[in-house]
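Secondary and tertiary structure notes
Residues per chain are reported as follows:
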Amino acid sequence: MLLRRIITCPHSKRMLCTSSSSSSSSSSSSSISNCDFTSAIHELNKEMESVFGEPPGEGLASSASNVHVNNESKMMMSQKIDENSFELTHTGHSGEAQMVDVSPKESSKRTAIAGCKVLLGKKVFNLVSANQMAKGDVLTVAKIAGITAAKQTSSLIPLCHNINLTHVQVDLKLNHDEFSVMIEGEAATTGRTGVEMEAMTAVSVAGLTVYDMCKAASKDIVITDIRLKHKSGGKSGDWSWKQ
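These remarks concern the structure in this document. Note that this is a predicted model, so its numbers are computed, not measured.

**Some remarks on the pattern of salt bridges**
Oppositely charged side chains can form a pair if their charged atoms are brought close together. A full pass over the atoms with the stated rule returns six salt bridges. Between K117 and E178 there is a salt bridge; the shortest N-O distance is 3.2 Å. Taken together, the residues span a long stretch of sequence, with K117 in strand β1 (residues 108-119) and E178 in the loop between β2 (165-175) and β3 (180-191) at a distance of 61 residues. According to the relative accessible area criterion, K117 is buried, its value standing at 15%.

Right, dumping it as structure tokens:
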């Protein structure tokens, strides 16, 4: 009923036609975006009240205002997401996998430290600490495996660069409280890309080697908490994991 009265009212029809004609002009986009939409709605409400003797209900004008406010909120949310977004360097513009070109980067000293934990259980832990495993010295073999793996990272991880490592160190310590082996690996280089993957590969393979050396005694061994603990150098600077 309200819509029918608006259409038959010449004064309101003039306002609606004016809005329609302005939207069809070539410069409508910039003029509408620059106008005060809330003020226009307020004026329309006043004119409808003067014509019909009562203010409009929660219908035509108020719903249009709500739509406008919602659209503005969505735009602000989208802009905020765009500001906080980042690009995956190993993904091309069309989504294909790619190896990052590091030639524009400056060469600098880079280091990375990673950690890993192997939960053995009491029975296996006692065998390892007494060096009574059938395959031999678990900790020494795992240490060598970790160092070797760090040097082969680019062969294992497809998009990693082949890095000339200047230092690799893998340490394994027995934790009597948890019946576990704590593994820490460190890698270093002087170059254009970091060594985080080398450090993490070192501790991962060292953990797998501990499992392989002990699996005859138990299948309940768990490799866990593989993570980067610290890195330095490069454009992003220093970073440390906060426990």
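Anyway, onward from the coordinates.
**Things to note about the pairing of β2**
Pairing of β2 with β3, which is carried by 10 bridges, proceeds in the antiparallel orientation. Bridged to L172 within β3 is I183. Connecting the antiparallel pair β2 and β3 is a turn made up of four residues, with F179 showing a positive phi of about 55 degrees.

**So, the packing of aromatic side chains**
Scanning the entire structure with this criterion turns up one aromatic pair. Considering the side-chain rings of F125 and F179, the 5.7 Å spacing of their centres and the 70 degrees angle between planes classify their relative orientation as edge-to-face. Here F125, found in helix α6 (residues 122-129), pairs with F179, found in the loop between β2 and β3; they are 54 residues apart in sequence, far enough to count as distant.

**Structural notes on the sheet that holds β2**
On the basis of which strands lie adjacent, the open sheet formed by five strands has the order β2-β3-β1-β4-β5 and antiparallel pairing. The open sheet terminates on both sides in strands that have one partner only, identified here as β2 and β5 (239-240). Taken together, the 12 bridges between β1 and β3 define a ladder with antiparallel strand orientation. Looking across to β3, one finds that A114 is bridged to G185.

**Observations regarding a nonpolar patch on the surface**
Judged by side-chain polarity, L156, I157 and M197 come together as a nonpolar surface patch covering roughly 240 Å² of accessible area. Classification of M197 by relative accessible area gives partly exposed; the value is 34%.

**Things to note about helix α9 (residues 196-214)**
End to end, α9 covers 28 Å across 19 residues, agreeing with the expected 27 Å (1.5 Å per residue, within 8%). Inspection of α9 places E198, A199, T201, A202, V203, A206, G207, T209, V210, M213 and C214 among the buried residues, and these make up the whole buried set.

**With respect to the nonpolar core**
L120, I183, V210 and C214 are the most contacted members of the largest nonpolar core, which has 28 residues in total. Among the secondary structure elements, those contributing two or more residues to this core are β1, α6, α7 (138-151), β2, β3 and α9. Sorting elements by how many residues they give to this core places α9 first, with seven residues. The contacts of V210, once residues within four sequence positions are left out, are V118, L120, V138, A142 and L172.

**Some details on the packing of α7 against α9**
Viewed as axis vectors pointing N to C, α7 and α9 meet at an angle of 145 degrees, and their least axial separation amounts to 7 Å. α9 is crossed by α7, and the crossing has right-handed handedness. Of the residues in α9, those touching α7 at V138, V141, A142, A145, G146, A149 and A150 are E198, T201, A202, V205, A206, T209, V210, M213 and C214. Of the residues contributing to the contact of α7 with α9, the split by class is 12 nonpolar, three polar and one charged.

**Overview of the side chain of H161**
Topologically, H161 is positioned in the loop between α8 (153-156) and β2. Given the relative accessible area of 18%, H161 is considered buried. Among residues more than four places away in sequence, those in contact with H161 are M99, V100, V102, S154, T193 and E198.

**Overview of unusual backbone geometry**
Although it is not a glycine, N131 sits at a positive phi angle of roughly 55 degrees. Summarising the element assignment, N131 is placed in the loop between α6 and α7. With a relative accessible area of 46%, N131 lands in the partly exposed category. Phi is positive for F179, which is not a glycine, with a value near 55 degrees. The class for F179 is partly exposed, based on a relative accessible area of 29%.

Rules and cut-offs
- Residues numbered from 1 in each chain as written.
- Predicted model: local features only at pLDDT ≥ 70, side-chain atom pairs only at ≥ 80, totals over all residues.
- Heavy atoms only, no water.
- Salt bridge = Lys/Arg side-chain N within 4 Å of Asp/Glu carboxyl O.
- Helix = DSSP H or I, 4+ residues; strand = E, 2+ residues; numbered from the N terminus.
- Buried < 20%, exposed > 50% of the residue type's maximum accessible area, 1.4 Å probe, protein only.
- Pairing = 2+ DSSP bridges.
- Phe/Tyr/Trp six-rings, centres within 6.5 Å; stacked < 30°, edge-to-face > 60°.
- Patch = residues over 30% accessible without salt bridge, like charges linked within 9 Å, V, L, I, M, F, W, Y side chains within 5 Å.
- Areas by Shrake-Rupley, 256 points an atom, 1.4 Å probe, with all protein chains shown as cover.
- Expected span 1.5 Å × (residues − 1).
- Core = buried A, V, L, I, M, F, W, Y, C linked by side-chain atoms within 4.5 Å.
- Contact = heavy atoms within 4.5 Å.
- Axes fitted to C-alpha atoms, helices over the stretch in contact; angles between N-to-C directions.
- Left-handed = near helix turned anticlockwise from the far one by under 90°.
- Nonpolar A, V, L, I, M, F, W, Y, C, P; charged D, E, K, R; others polar.

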